[in-house]
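In case you want the letters, here they are:
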Amino acid sequence: MTASIQLQRAPEVQYLLRIGDTALILAQRLGEWCGHAPVLEEDIALANMALDLIGQSRALLTRAGQLGGQGFDEDQLAFLRDERDYFNATIAELPRGDFAFTVLRNLIVATWAKLLWERLLDSSDAEVSAIAGKAVKEARYHQQHAADWVVRLADGTAESRRRIDDALATIWRFAAELFDSDAVDAAAHAAGIGPRFAELREPWLAEMTAVFDEAGLAVPADSAFRSTGTRGVHSEHMGFILAEMQHLQRAFPGGVW
Amino acid sequence: MSLVEATTSPRVSSAWQVLATVLDPEVPAVSVCDLGIVRDVIDHHGDALEIVLTPTYSGCPATEVIEHDVLAAIAAAGLGPARVSLRRAPAWTTDWISAEGKRKLLAYGIVPPGPATATEVPIRFIPRAAKTVALPCPRCGSHHTERLAAFGSTACKATWRCLDCREPFEHFKPI
């Protein structure tokens, strides 16, 4: 077995990993649909979006490794970090649920990501800005795809409506974490790397409301509940994802295709 | 600088000719030059030839194959040693696909992308009763077509079908 790497939690590294890990872990959940989606076209769409997210994540993890000064590459960061050193928002690691849950989560995360990438275009870090230039285009497609499905399910049959209602009741409280600000994003913002996450909340809610209006869904009330994945404290689901994702590199250190 | 070199170094102009024959592994009807993936060829005299590539999508699995194919073609033409460097910014756009590349895509059965700027709107919903703008079928030319899915066999394409000749076809999405 390969020992876990120990991350020094420099704020700019943790900031980039919050974004990169959210993409990486959501990609694992989307990848689970491969071979299981309700129709072939959506099977392909979800796998395609998972690929985009893995590509974005690879670029961000690589950059985080460079900024951290510990010499870690993307593979070490993905495969050799323990759970507490993963900083994805908890919403990304929740089990994939049904298709309604999946597209609603995609809408929440893609809308956040699109607004975030738009801000990261102006990053003081040229590499982050370059990554954003590509990713923002992909996030637009992800958001549009998810928004179309949320409207279609909410305005579909009684069964599809029930499923989107259930998904909304389950997931909404996990969205709040995406907009939590703390010392990490304060430091990243001060360095010009990217925005405070709290700044994204208002435009995000406006775009979510536009979709919900079209879908005939009401924006749920805020909850006092806060998930804490971005601080490294995850739900019980995270360990299972890492166990599956990291098994090969842990069992066969340095193994390549 | 590189533009000047492109016109002055025989090695560079030979390399461009070779690269124009390297096909995209996912869409083997067009070359990496047609797609606008090759951004620059730089002759570091007495050193490796540098081929500058801009990846299409963040997660495009063809990127590594393209790097390999490019280096293999340069080596086979005796223009090596060469190395590939990736340039992320400015981000690749379908606007970089050449007119020739778009013509080849259409002949291959893939409707080429329109201008990418048209996609940069927030979120849009198509009124349920309204007819969407239909793409012409690349086989029979009919506009009686419909989109089946926003994604296709690769992330860069959407899946459509023709309601007249009944053939499915793909659309290279503007991005």
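Everything numeric in this text was worked out from a predicted model, so none of it was measured.

S.K.: Provide a residue-level description of the overall build of chain B, including the pertinent values.
M.R.: Looking only at helices and strands, chain B features four helices and seven strands. Reading chain B from its N end, one meets helices and strands in the order α-α-β-β-α-β-α-β-β-β-β. Taken across its 175 residues, chain B has 34% of its residues classed as buried. Put simply, 54% of the contacts in chain B that link residues at least 6 apart link residues at least 24 apart.

S.K.: Residue-level account of the pairing of strand E7 (residues 168–172) of chain B, with values.
M.R.: All names here are of chain B. Across the five residues that make up E7, a large majority, four, are buried. Inspection of the sheet shows strand E4 (residues 110–111) paired to E7 by two bridges, in the parallel sense. From the neighbouring strand, Val111 faces E7, where its bridge partner is His171. Bridging between strand E6 (residues 157–162) and E7 involves five bridges; their strand directions are antiparallel. By the bridge assignment for E7, Arg161 is matched with Pro168. In sequence, E6 turns back onto E7 through a hairpin of five residues, with Arg166 there showing a positive phi of about 70°.

S.K.: Can you tell me about the sheet that holds E7 of chain B, naming the residues and giving the values?
M.R.: In spatial order, the strands read E4-E7-E6-E5 (chain B); together these four strands make up an open sheet with mixed pairing. Both outer strands of the open sheet, E4 and strand E5 (145–149) of chain B, are each paired with one neighbouring strand and no more.

S.K.: Residue-level account of helix H3 (residues 62–76) of chain B, with values.
M.R.: Residues and elements named next belong to chain B. With 15 residues, H3 should cover 21 Å at 1.5 Å per step; its first-to-last C-alpha distance of 21 Å lies within 8% of that length. Buried within H3 we find Thr63, Ile66, Val70, Ala73 and Ile74. Axial view of H3: buried residues confined to an arc of 95°, hence all on one face. Residues of H3 that are exposed and point over 90 degrees away from its buried face: Glu64, His68 and Ala76. Each element contacted by the buried residues of H3 is listed here: helix H2 (10–19), strand E2 (49–53) and strand E3 (82–86). Just downstream of H3, Gly78 is the residue with a positive phi angle, here 75°.

S.K.: Give a description of the interface of chain A and chain B that names residues and reports values.
M.R.: Quite often, the size of an interface is put as the accessible area lost when its parts meet. Residue-level contacts link 30 residues of chain A with 21 residues of chain B. For the side of chain A that touches chain B, the element with the highest residue contribution is helix H5 (residues 126–154) of chain A, accounting for 15 residues.

S.K.: Which residues make up unusual backbone geometry, and what are the values?
M.R.: All names here are of chain B. Looking along the chain, the bond that leaves Gly80 and enters Pro81 is cis, with omega of 0°. Within the fold, Pro81 resides in the loop between H3 and E3. Although it is not a glycine, Arg166 adopts a positive phi angle of roughly 70°. Checked against the element boundaries, Arg166 lands in the loop between E6 and E7.

S.K.: So what's going on with the sheet that holds E2 of chain B? Which residues, and what values?
M.R.: Residues and elements named next belong to chain B. A sheet is described by the order of its strands in space; here three strands give the open sequence E1-E2-E3, paired in mixed fashion. If you trace the sheet from one side to the other, it starts and ends with strand E1 (38–43) and E3, each paired once. Neighbouring strand axes in the sheet, compared pairwise and without regard to direction, differ in orientation by 20° on average. Set on the sheet, H2 makes contact with E1 and E2; between it and E1 the angle comes to about 150°. The strands that H3 touches are E2 and E3; relative to E3, the one it contacts most, it runs at about 150°.

S.K.: Could you give me a rundown of the domain arrangement of chain B, with the residues and numbers involved?
M.R.: Taken domain by domain, chain B comprises domain 1 (2–92) and domain 2 (99–172). Each side of the interface is counted separately: domain 1 of chain B has nine residues, and domain 2 of chain B has nine residues.

S.K.: I'd like to hear about the packing of helix H1 (residues 11–31) of chain A against helix H7 (residues 183–190) of chain A, residue by residue, with values.
M.R.: Residue and element names in this part refer to chain A. Interaxial distance between H1 and H7 falls to 8 Å at its minimum, and their mutual angle equals 105°. When the axis of H1 is compared with that of H7, the two are roughly perpendicular. On the side of H1, the interface is formed by Pro11, Glu12, Gln14 and Tyr15, while H7 contributes Ala183, Val184, Asp185, Ala187 and Ala188. Each residue belonging to the contact of H1 with H7 can be placed in one class, and the counts come to six nonpolar, one polar and two charged.

Calculation rules
Counting starts from 1 at the beginning of each chain's written sequence and moves along it residue by residue. Ligands are numbered from 1 and chains lettered from A, in the order in which they are written. With pLDDT at 70 or above as the cut-off, local features in this predicted model cover only qualifying residues; side-chain atom pairs require 80 or more to be listed or tallied, and sums for whole chains, interfaces and linings still use all residues. Where helices and strands are cited, they refer to DSSP runs of H or I of at least four residues and of E of at least two residues respectively, numbered from the N terminus. The exposure scheme places C-beta atoms from the backbone and then counts, for each residue, the other C-beta atoms within 10 Å of its own, assigning buried at 20 or more, exposed at 12 or fewer, and partly exposed in between. Placing C-beta atoms from the backbone, we regard two residues as in contact once those atoms come within 7 Å. Strand pairing is defined by DSSP finding a minimum of two bridges between the two strands. Helix span, as expected, comes to 1.5 Å for every residue beyond the first. What the arc describes is the spread of directions from the helix axis to the C-beta atoms. To obtain an axis, a line is fitted to C-alpha atoms, over the contacting stretch when the element is a helix, and the angle between two such axes runs from 0 to 180 degrees between their N-to-C directions. Domain boundaries shown here were taken from an automatic or database domain assignment. Working definition: roughly parallel below 35 degrees, roughly antiparallel above 145 degrees, roughly perpendicular at 65 to 115 degrees, and oblique for all remaining angles. Asp, Glu, Lys and Arg are counted as charged, while Ala, Val, Leu, Ile, Met, Phe, Trp, Tyr, Cys and Pro are counted as nonpolar; the rest, among them Gly, fall into the polar class.

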